[in-house]
Amino acid sequence: MSAEKPAKVAIIGGGCAALTTAFELTRPEHQSRYDVTVYQLGWRLGGKGASGREEATKRIEEHGLHLWMGFYENAFRILRECYAELNRDKDCPIRDWEDAFFADAWVGVTEQLDKDAWQNWIAHFPPIAGKPGDPFEDSNPFTIRSYLLRCAVLLKTFFASVQDRYPDVDADEGNDGKAAKEDGALDALTDLIKSLAGDGNPIEAASRFLSYGQFATIAGLMKATEALMAIIETVSPIPDKLVSPLLARIADGARQQLDAMTAGSTELRRIWEIVDIVLAIMRGCIADGIITHPRGFEIIDDQDWCDWLMRHGAAESSVRAAFMRGSYDLLFAYEEGDVTRPRMAAGQALRGAFRMFFTYRGALFWKMRAGMGDVVFAPLYEVLKRRGVRFEFFHRLEDVKLSRDGTHVHQLAFDVQAKVKGGKDYNPLIDVKGLPCWPSTPNYRQLVNGAKLKRDGWDPESHWDRHAAGKLTLQVGKDFDYVVLGIGLGAVPHVCSELIDHNAAWREMVDNVKTVATQAFQIWLNQPMDKLGWSLPPINISGFVEPFD
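Residues numbered from 1 in each chain as written. Predicted model: local features only at pLDDT ≥ 70, side-chain atom pairs only at ≥ 80, totals over all residues. Heavy atoms only, no water.

A. Up close: the overall build of the protein. From N to C terminus, the protein includes 18 helices and 17 strands. For the protein, the proportion of its 549 residues judged to be buried stands at 45%. Taking the intrachain contacts of the protein between residues at least 6 apart in sequence as the baseline, contacts between residues at least 24 apart amount to 73%. Between the averaged position of the 63 positive side-chain charges in the protein and that of its 76 negative side-chain charges there is a distance of 7 Å. (Helix = DSSP H or I, 4+ residues; strand = E, 2+ residues; numbered from the N terminus. Buried < 20%, exposed > 50% of the residue type's maximum accessible area, 1.4 Å probe, protein only. Contact = heavy atoms within 4.5 Å. Lys, Arg positive; Asp, Glu negative; His and termini not counted. Charge placed at Lys NZ, Arg CZ, Asp CG, Glu CD.)

Below is the structure:
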């Protein structure tokens, strides 16, 4: 391959990963260094994010709920660049990314109060400055220290809310003496923080603090949490021999104060469940050394999320709470789809929770004003076509063949599912009120024998529909120099047998990384939400009865 000749890149698949790769390789600054072709099963792009428009009514059909979260920094950055480069006509109903998305601050889960009663738990997350994809001008918000500081701030917020709503909680007889002892503990913490900064004897100050008992009032818990915030923010490295006992004392005091109050209050029970989880997270990060280990969150990925939380002191009732169940539902994190076998890697769950709740910008959720195919994959397709990317639709990968020595991919074998009339490029998009969209069925008029394919009920997106109009084999060095496999993991065993047999890491991956088949349905209603009894804004609700939760 000469320096002047662009490298040929074959990208298999048309989902988020595949199209992001195509977008990055064909950036103008690369000066056409890569010649990219995308090979796609069926007639549309999007992978698990694909959507389509029903033929007669043009209503959106998609598999499940598609939205983006406010911490999707890279996704938004790329899409914002995409829309800017696309520069759609002013008459297009979705010209820019802010036309395509709108902020949504509401989220909810359901919890079962008894056998036949369910109750919604609705939360509003306030807007946070900035928008996802904006450049970061301040310090890095994605550090474990910053996450722990936000955890401490959250604890203080919850304790303050309890004190505000239940002003008599610390007024019980006998609390004066407890509060006085807490004041001594906080004085000791103040001395300790000063000593850690070089003013005083830290060993003496630490011994004085550790001699005190637990914090027995909400006011004391708030003060202790303020001290915790100060230590995390100002002392480096975080002194685990101080923070761990301080967290233990806060946890004991919170359990004593809140757990006893929750019996008659759903609201207080929910606060206690969150406080319990946050305290377990902080204790676990310190105890397991996540904050200092070079692999960070990954060192606990061999444990389940709930198991890890309970190992660090969370009550079983807290980890079985509705919002925890909702986190498993969000990711379909049930082994082989069995809801009695929840499994989610603790490190990735922890990273996701920190990102979701502490680093969102603008809003917790960003909802789409049309189908994901319309607002994400159609613009990406249009920009990539302009850049010269070729799209070979109706190409089903059948086999990835290795070289004799097993060092590289030698051939790619495809079934050509259908051929386009006249050998032309397939034109996949349709116009819906001025917006380029994907249809929910192929455009049979463009295909050879299209009318027959339609009559036969051909489904080119189904693994089990083996219809083929021909075959194609690509050869390394001739048809491609590099190949990017962007297909779903569930398909890998069917097309990469040589690679799996030859490479132990690939064998381990397909044997141990689980995929979950999902199902969804849509209902179109002829009455507005308020007429059907819903008084709040439209809200994403999770944690209900499986399988359609």
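B. A look at the sheet that holds strand β11 (residues 395-402). Here we have three strands laid out as an open sheet, ordered β11-β12-β15, and antiparallel in their pairing. Among the strands making up the open sheet, the edge pair consists of β11 and β15 (470-475). Within this sheet the neighbouring strands show an average axis-to-axis angle of 20°, counted without direction. (Pairing = 2+ DSSP bridges. Axes fitted to C-alpha atoms, helices over the stretch in contact; angles between N-to-C directions.)

C. Structural view of a nonpolar patch on the surface. A grouping of Phe521, Ile523, Leu525, Met529, Leu532 and Phe548 is seen on the molecular surface, where their side chains present a nonpolar patch of about 630 Å² in accessible area. Inspection of the secondary structure puts Leu532 in the loop between α18 (504-512) and β17 (540-542). (Patch = residues over 30% accessible without salt bridge, like charges linked within 9 Å, V, L, I, M, F, W, Y side chains within 5 Å. Areas by Shrake-Rupley, 256 points an atom, 1.4 Å probe, with all protein chains shown as cover. Salt bridge = Lys/Arg side-chain N within 4 Å of Asp/Glu carboxyl O.)

D. Examining the packing of aromatic side chains more closely. In total, this model carries 29 aromatic pairs according to the counting rule given. Chaining the aromatic ring pairs together yields one cluster made of Tyr381, Phe391, Phe393, Phe394, Tyr426, Trp438, Tyr444 and Trp458. In this structure, Arg59 is placed above the aromatic ring of Trp524, and the distance from its NZ or CZ to the ring centre is 4.0 Å. Arg355 extends its terminal NZ or CZ atom over the ring of Phe142, reaching a point 4.0 Å from the ring centre. (Phe/Tyr/Trp six-rings, centres within 6.5 Å; stacked < 30°, edge-to-face > 60°. Lys NZ or Arg CZ within 6 Å of the ring centre and 35° of its normal.)

E. Fine view of the side chain of Ser318. By the element assignment, Ser318 lies in helix α11 (residues 316-319). Once residues lying within four places of it in the same chain are set aside, the contact partners of Ser318 are Trp272, Glu273, Asp276, Ile277 and Met324.

F. Layout of the nonpolar core. Within the largest apolar cluster, 73 residues are counted, with the highest numbers of intra-cluster contacts made by Phe159, Val275, Met282, Trp305, Leu309 and Leu350. Counting 52 residues, the second largest nonpolar core, distinct from the first, contains Trp97, Trp366, Ala418 and Trp438. (Core = buried A, V, L, I, M, F, W, Y, C linked by side-chain atoms within 4.5 Å.)

G. Representation of the pattern of salt bridges in the model. Applying the stated rule across the entire model yields 36 salt bridges. The partner of Glu226 in a salt bridge is Lys156, and the shortest N-O contact between them spans 3.2 Å. Of this pair, Glu226 sits in helix α7 (residues 218-234) while Lys156 sits in helix α4 (residues 144-165), and the two are 70 residues apart along the sequence. Among the ionic pairs, Glu316 bridges to Arg320, the shortest N-O distance being 3.9 Å. Look at Arg320 and you get partly exposed, because its relative accessible area is 42%. It is possible to trace a salt-bridge network through shared partners that takes in Arg396, Glu398, Asp415, Arg466 and Lys471.

H. Structural context of helix α14 (residues 372-386). Between its first and last C-alpha atoms α14 spans 21 Å; for 15 residues at 1.5 Å apiece the expected length is 21 Å, and the two agree. A bend of about 30° at Ala378 is the largest found in α14, and the proline Pro379 appears one to four places after it. Within α14, 12 of the 15 residues are buried, which leaves the element mostly enclosed by the surrounding structure. Residues of α14 that are buried: Met372, Gly373, Asp374, Val375, Val376, Phe377, Ala378, Pro379, Leu380, Tyr381, Val383 and Leu384. Looking one or two residues beyond α14, the residue adopting positive phi is Gly388, at roughly 100°. (Expected span 1.5 Å × (residues − 1). Bend = angle between axes of the 7 residues up to and from the residue.)

I. Expanded view of the packing of helix α1 (residues 16-25) against helix α2 (residues 73-86). As a packed pair, α1 and α2 sit with axes 12 Å apart at the nearest point and diverge in direction by 60°. Overall, the two elements α1 and α2 adopt an arrangement that is oblique. With respect to the hand of their crossing, α1 and α2 are arranged in left-handed fashion. Of the residues in α2, those in contact with Thr20, Phe23 and Glu24 of α1 are Ile78, Glu81 and Cys82. (Parallel < 35°, antiparallel > 145°, perpendicular 65-115°, else oblique. Left-handed = near helix turned anticlockwise from the far one by under 90°.)

J. How the structure looks around the sheet that holds strand β5 (residues 67-69). Spatially, the three strands line up as an open sheet ordered β5-β9-β6, and their pairing is antiparallel. Each edge of the open sheet is held by one strand with a lone partner, namely β5 and β6 (101-104). For this sheet the average axis-to-axis angle between neighbouring strands, irrespective of direction, equals 30°. Sheet analysis places β6 next to strand β9 (residues 365-368), joined by four bridges and oriented antiparallel.

K. Quick look at the side chain of Asp304. Assignment of secondary structure puts Asp304 in the loop between α9 (266-287) and α10 (305-311). At 4.4 Å, Arg343 is the nearest oppositely charged side chain to Asp304, a buried residue that forms no salt bridge. Within the local environment of Asp304, its side chain forms a polar contact with the backbone nitrogen of Cys306, the two atoms lying 3.1 Å apart. Setting aside anything within four residues of it in sequence, one finds Asp304 in contact with Tyr328, Pro342, Arg343, Met344 and Ala346. (Polar contact = N/O pair within 3.5 Å; in protein donor to acceptor, adjacent residues only side chain to side chain.)

L. The arrangement of α7 in detail. Counted at 1.5 Å a residue, the expected span for α7 with its 17 residues is 24 Å, and the 24 Å between its end C-alpha atoms agrees. Buried within α7 are the following residues: Ile218, Gly220, Leu221, Met222, Ala224, Thr225, Ala227, Leu228, Met229, Ile231 and Ile232.

M. Structural view of unusual backbone geometry. Along the chain, Ser236 connects to Pro237 via a cis peptide bond; the corresponding omega equals -5°. With respect to the helices and strands, Pro237 occurs in the loop between α7 and α8 (240-259). Positive phi, close to 50°, is recorded for Asn87, a residue that is not glycine. Mapping Asn87 onto the fold places it in the loop between α2 and α3 (97-100).

N. How the structure looks around the pairing of strand β8 (residues 118-124). As judged from the seven bridges shared by strand β7 (residues 106-112) and β8, these two strands associate in the antiparallel manner. Looking across to β8, one finds that Glu111 is bridged to Gln119. Remark: five residues form the turn of the hairpin made by β7 and β8, two consecutive strands paired antiparallel.

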